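Now for the letters of each chain:
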Amino acid sequence: MEILILREEDILEAVDIKDIIEADKEALKNYSNGGSDIPLRTVIDVDKDSSSTAIFMPGFIKDKNALGMKIIDIYPENIDKGLVSAPSTMILIDKENGFVKAILDGTILTRLRTGAVSGAATEVLANEGAKTFLLIGTGGQASTQLEAVLAVRDIEKAYVCDVNYERARSLQKK
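Remember, predicted model here, so these are calculated numbers, not experimental data.

## What to know about a nonpolar patch on the surface
- Where nonpolar side chains cluster on the molecular surface, the patch consists of Ile3, Ile5 and Ile103 and spans about 230 Å² of accessible area.
- Take Ile103: it is sitting in strand β7 (residues 100-105).
- When its relative accessible area of 32% is taken as the criterion, Ile103 is described as partly exposed.

See the structure below:
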């Protein structure tokens, strides 16, 4: 059986933030209506000294016959090494036979999904005339959160806060 592999560039080429916002809203409704089975995640402490952990997050969406698992590793010290602090991989499984159908770059999926949830929440909950946005943190999801909010509101001014001033300034310049 052939396994489809989708890297960050493949995923970014195939999606638009507005489409992801709509998909997030549909997924949240589906979950709220009991249409998915999302068990508690399994967390393994890899290194207590550095707070490194491995997290396994399985899920099944009944209506979509979508079965899979996200594997995300949290390595806080990666930031100081110039590496992603939460690399992840998504594995899609064929519900009919249990074989792996695809392996996707979960790091970009997480960034896009989380950013799009911010856009969905802003679209549904924020004042339609909102012109100001505050972004707290400059991690991997920050730019997609800003992009998603800008996709649903005509923001004129965005503030960026982070514990590291240089990272906040760097994001502001983008």
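Don't stop here, the text continues.
## Some details on the pattern of salt bridges
- According to the stated counting rule, one finds seven salt bridges in the structure shown.
- One salt bridge connects Lys25 with Glu123, and the closest N-O pair in it is separated by 2.7 Å. Taken as a pair, Lys25 in helix α2 (residues 17-32) and Glu123 in helix α3 (residues 106-125) lie far apart in primary sequence, 98 residues in all.
- A relative accessible area of 31% places Glu123 in the partly exposed class.

## A few points about the nonpolar core
- Core analysis: the largest hydrophobic core is formed by 13 residues, its most contacted members being Ile11, Ile17, Ile21, Leu104, Leu112 and Ala116.
- Elements represented by at least two residues in this core include exactly α2, β7, α3 and α4 (142-152).
- In this structure, Ile11 is in contact with Leu6, Leu104, Asp105, Ile108, Leu109 and Leu112, ignoring residues within four places of it in sequence.
- Phe133, Ala142, Val149 and Ala168 belong to the second-largest nonpolar core, a separate cluster that totals eight residues.

Reading the values: the criteria
Residues numbered from 1 in each chain as written. Predicted model: local features only at pLDDT ≥ 70, side-chain atom pairs only at ≥ 80, totals over all residues. Heavy atoms only, no water. Patch = residues over 30% accessible without salt bridge, like charges linked within 9 Å, V, L, I, M, F, W, Y side chains within 5 Å. Areas by Shrake-Rupley, 256 points an atom, 1.4 Å probe, with all protein chains shown as cover. Salt bridge = Lys/Arg side-chain N within 4 Å of Asp/Glu carboxyl O. Helix = DSSP H or I, 4+ residues; strand = E, 2+ residues; numbered from the N terminus. Buried < 20%, exposed > 50% of the residue type's maximum accessible area, 1.4 Å probe, protein only. Core = buried A, V, L, I, M, F, W, Y, C linked by side-chain atoms within 4.5 Å. Contact = heavy atoms within 4.5 Å.

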